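Summary of structural features
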Amino acid sequence: MRDFLIAPSILSADFARLGEEVSAVLAAGADVVHFDVMDNHFVPNLTIGPMVCQALRNYGITAPIDVHLMVQPVDRMIADFAAAGASIITFHPEASTHIDRSLQQIRDAGCQAGLVFNPATPLHYLDYVMDKVDVILLMSVNPGFGGQSFIPSTLDKLREARQRIKQSGRPIRLEIDGGVKVENIAEIAAAGADMFVAGSAIFNQPDYAQVIRAMRDELAK
Ligand code: DX5
Ligand code: ZN
């Protein structure tokens with residue numbers, strides 16, 4: 001696996017041409033497809049569900065699909081997304097009544113499991129579940145919409161999360177989501193992130209390969 005993973009968020013893709021868009025961004029050098037699931041309840045927006053994940057698999061997408069669940073309740077979506085071809089499933093701890101059980105369900109379904117932290121959600125939800133977490137996803141915007149600005153206090157939180165990962169001794173990915181762009185990706189990586197979600201920064205440009213190359217150049221500095 002690469003040291004740094006770039007995960008375009010398809011929230012900013014053209015949904016009318018989703019298969020082509022995902023193929024294009026992968027051909028442009030992306031590593032992972034970030035799939036934002038919103039329910040107009042946990043977050044104030046409504047997006048896509050397991051049928052669309054399955055449709056991407058049927059279209060021939062073989063890259064890992066990183067399903068970011070912004071839904072409440074969480075549990076009944078897990079089996080459906082696992083069956084639809086999800087590789088990673090993450091959820092917000094506030095949205096699950098039984099966090100340990102939800103993590104275990106994801107792993108039992110054969111996916112990697114992760115917790116997502118809103119900008120003001122403390123990391124202490126990790127205290128007793130580090131052994132069941134494959135990914136820690138820090139939100140650097142309040143979830144619901146693409147195209148928002150990176151919240152600077154997330155940099156300190158990344159450092160704290162990186163410290164926790166180090167102490168655990170486990171190969172946990174530290175993912176960042178919201179407001180990531182060429183101009184700030186190096187600083188975000190320096191704070192500890194190794195998996196970068198970017199929606200508008202990639203899909204709002206005509207040349208996806210050029211943006212991803214520029215991000216990788218920043219990460220190599
Ligand atoms: C926000 C989503 C993000 C979003 C990121 O709720 O979880 O994945 O698409 O979009 P940008 O990169 O435009 O901030
Ligand atoms: Zn997301």
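An unreviewed UniProt entry lists the protein chain under the name Ribulose-phosphate 3-epimerase, with Pseudidiomarina indica as the source organism. UniProt, in its Function (unreviewed entry) section for the protein chain, records the words "Catalyzes the reversible epimerization of D-ribulose 5-phosphate to D-xylulose 5-phosphate." Under the UniProt heading Sequence similarities (unreviewed entry), the entry covering the protein chain gives this text: "Belongs to the ribulose-phosphate 3-epimerase family."

With numbering aligned to this structure, UniProt lists the feature "binding site: a divalent metal cation" (unreviewed entry) at His 34, Asp 36, His 68 and Asp 177. These annotated residues cover 144 residues of sequence, but their C-alpha atoms sit close together, with the largest distance between any two at 10.5 Å. Relative to the elements of secondary structure, His 34 occurs in strand 2 (residues 33-38). Classification of His 34 as buried rests on a count of 27 C-beta atoms within 10 Å. When neighbours within four sequence positions are excluded, His 34 is seen to be in contact with Ala 7, Pro 8, Ser 9, Ile 10, Asp 66, His 68 and Val 197. Structurally, His 68 can be placed in strand 3 (residues 65-70). Taking the C-beta count within 10 Å as the criterion, His 68 has 28 such neighbours and is therefore assigned buried. Sequence-distant contacts of His 68, that is, excluding residues within four places in its chain, are made with His 34, Phe 35, Asp 36, Val 37, Thr 90, Val 116, Leu 137 and Asp 177.

Spatially, 8 strands are ordered 1-8-7-6-5-4-3-2 in an open sheet, and the strand pairing comes out parallel. Two strands close off the open sheet at either side, each with one partner strand: strand 1 (5-8) and strand 2. Each strand of the sheet is rotated relative to its neighbour by a mean of 20°, with strand direction disregarded. Pairing of strand 1 with strand 8 (residues 195-198) involves 4 bridges; the strand directions are parallel. Residue pairing across strands places Leu 5 opposite Met 195, the latter belonging to strand 8.

Within the secondary structure, Val 197 sits in strand 8. Residues Val 197 and Val 43 lie 154 residues apart in sequence; the distance between their C-alpha atoms is 18 Å.

Note on placement: Glu 94 falls in the loop between strand 4 (88-91) and helix 4 (99-108). Given 14 C-beta atoms within a 10 Å radius, Glu 94 is considered partly exposed. With 23 residues separating them in the primary sequence, Glu 94 and Phe 117 have C-alpha atoms 9.0 Å apart.

Calculation notes
Residues numbered from 1 in each chain as written. Chains lettered and ligands numbered in written order. Predicted model: local features only at pLDDT ≥ 70, side-chain atom pairs only at ≥ 80, totals over all residues. UniProt positions renumbered as here; feature names shortened; annotations may be inferred. Helix = DSSP H or I, 4+ residues; strand = E, 2+ residues; numbered from the N terminus. Buried ≥ 20, exposed ≤ 12 C-beta atoms within 10 Å, placed from the backbone. Contact = placed C-beta atoms within 7 Å. Pairing = 2+ DSSP bridges. Axes fitted to C-alpha atoms, helices over the stretch in contact; angles between N-to-C directions.

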